[in-house]
Each structure stands twice: as structure tokens, then as C-alpha cells.
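Each chain, letter by letter, is given below.
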Amino acid sequence: MSIRYLNSNTLHFTAMIALAVIVFGGHAQAAGVTVSNGWIRKLPANLPAAGYFELHNGGDKAVSLTGANSPACGMLMLHQSKDIGGMEHMSDVASVDVAAGKTVTFAPGGYHLMCMHPGPALQIGAKVPVTLNFRGGTKVVADFAVRNAGGK
Ligand SMILES: [Cu+2]
């Protein structure tokens, strides 16, 4: 489990990474990894907000997503929802592997990002940058659209 607290160093670091990676229209790419259709479901009362996206590995080696962070979320974690006896439970995930040429979909009922402490930037209709961290040090920054509880 990896926990990152937002501080001024993290913000500065995130800003530098954002400059270093090309981000276009919510579709970001680095080292053969493509992030698309990223969005975050904002709930009322600043409840933890789940983030969804598709992660495609266009490279010829497996990659492993080990964490994420965003200036819009005090803490952003990797979670997985599972149906246990008809109840949805979520648990922390240390990493998510994507084989070469494969796509892993982060979607309701399965893998998702969890924005534990939504910050003021998480406004419906806004786009917020999310940095995905991969084993080996690769980082990919993608814009995630903030949508309402109905996914609109
Ligand atoms: Cu969760």
C-alpha cells in the first residue's frame, strides 16, 4: 500500500512532471502506456470520490501501476471493489499489472482510484490532472473529467 500526502514538494514535483509529459484531450501517453476516458465521480459532502479510466499498454513489456496522485486529491489510492455475499467491498491494491498489448479497465465494480480527501479543485465540469506511477519510475499524467454522482 502506498500513501502519499500532498505537500508543497509534491505539488512542485507534480507541476514539473506535467511539463515533462505531453497531455492532450484527456488522452496521455508515455513509454507505450496510454490512459483514456479518465473521469472522477464526485459525490456530495466531499465523500471519497472514485476515479475510472482505461489503461492500455502498447509497449512490448508488462507494466505495473503502483500508485497515483493528484493535486485535486489529498490522497489517491488504488482500490478494487469485490462482490462478497451480495455486498460490495473495496480493498487497497498494491499494484495493477498490465501485460504487453493489453488494456485494463478501471470501472465501477472493479479497479478504481480512490480520491480519499477531495480538494477544492474537484468541481463537477472541471478537469484535474492525475499522475499514474509505474514500477521503474515511469509516470503518466492524464486529465480526468470531474462528473456528478450520475456519471454526467
Ligand atoms: Cu474505493
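In this report, the structure presented in the accompanying data block is examined. (Residues numbered from 1 in each chain as written. Predicted model: local features only at pLDDT ≥ 70, side-chain atom pairs only at ≥ 80, totals over all residues. Heavy atoms only, no water.)

Let's shift gears to the state of the cysteines. Here a disulfide denotes a covalent bond joining the sulfur atom of one cysteine to the sulfur atom of another. Applying the stated criterion across every chain yields a total of one disulfide. Sulfur-sulfur distance for the disulfide between cysteine 73 and cysteine 115 comes to 2.2 Å. Taking the torsion about the sulfur-sulfur bond, which here is approximately -110 degrees, the covalent link between cysteine 73 and cysteine 115 counts as left-handed. A residue pair is termed long-range when its members are at least 10 positions apart, and cysteine 73 in the loop between β5 (63-69) and β6 (76-84) and cysteine 115 in strand β10 (residues 111-115) qualify at 42 residues. (Disulfide = S-S within 2.5 Å. Helix = DSSP H or I, 4+ residues; strand = E, 2+ residues; numbered from the N terminus.)

Our focus in this paragraph is the coordination of the copper ion. At this site the copper ion is bound by His79 (ND1), Met90 (SD), His112 (NE2) and Met114 (SD), with donor distances of 2.1 to 2.2 Å. The sequence pattern formed by the donor residues of the copper ion is H-x10-M-x21-H-x1-M. Here methionine 114 lies in strand β10 and histidine 79 lies in strand β6, a separation of 35 residues in the sequence. As far as the burial class goes, histidine 79 and methionine 114 line up, both buried. (Donors = N, O, S within 2.8 Å, 3.2 Å for Na, K, Ca; no water. Buried < 20%, exposed > 50% of the residue type's maximum accessible area, 1.4 Å probe, protein only.)

Below, the discussion takes up the pairing of strand β11 (residues 127-134). Working note: regular strand, side chains alternate between the two faces of the sheet. Within β11, six of the eight residues are buried, which leaves it mostly tucked inside the rest of the structure. Of the strand pairs in this sheet, β5 and β11 are connected by four bridges, and their pairing is antiparallel. When the bridges of β11 are listed, alanine 68 appears paired with leucine 132. Sheet topology places β11 next to strand β12 (residues 139-147); seven bridges connect them, and they run antiparallel. By the bridge assignment, leucine 132 is partnered in β12 with valine 140. Linkage of β11 to β12, two consecutive antiparallel strands, is achieved through a turn of four residues, within which glycine 136 is found at a positive phi near 100 degrees. (Pairing = 2+ DSSP bridges.)

Along the chain, serine 70 turns up in the loop between β5 and β6. Since its relative accessible area comes to 1%, serine 70 is described here as buried. A distance of 3.1 Å separates a polar side-chain atom of serine 70 from the backbone nitrogen of alanine 72. (Polar contact = N/O pair within 3.5 Å; in protein donor to acceptor, adjacent residues only side chain to side chain.)

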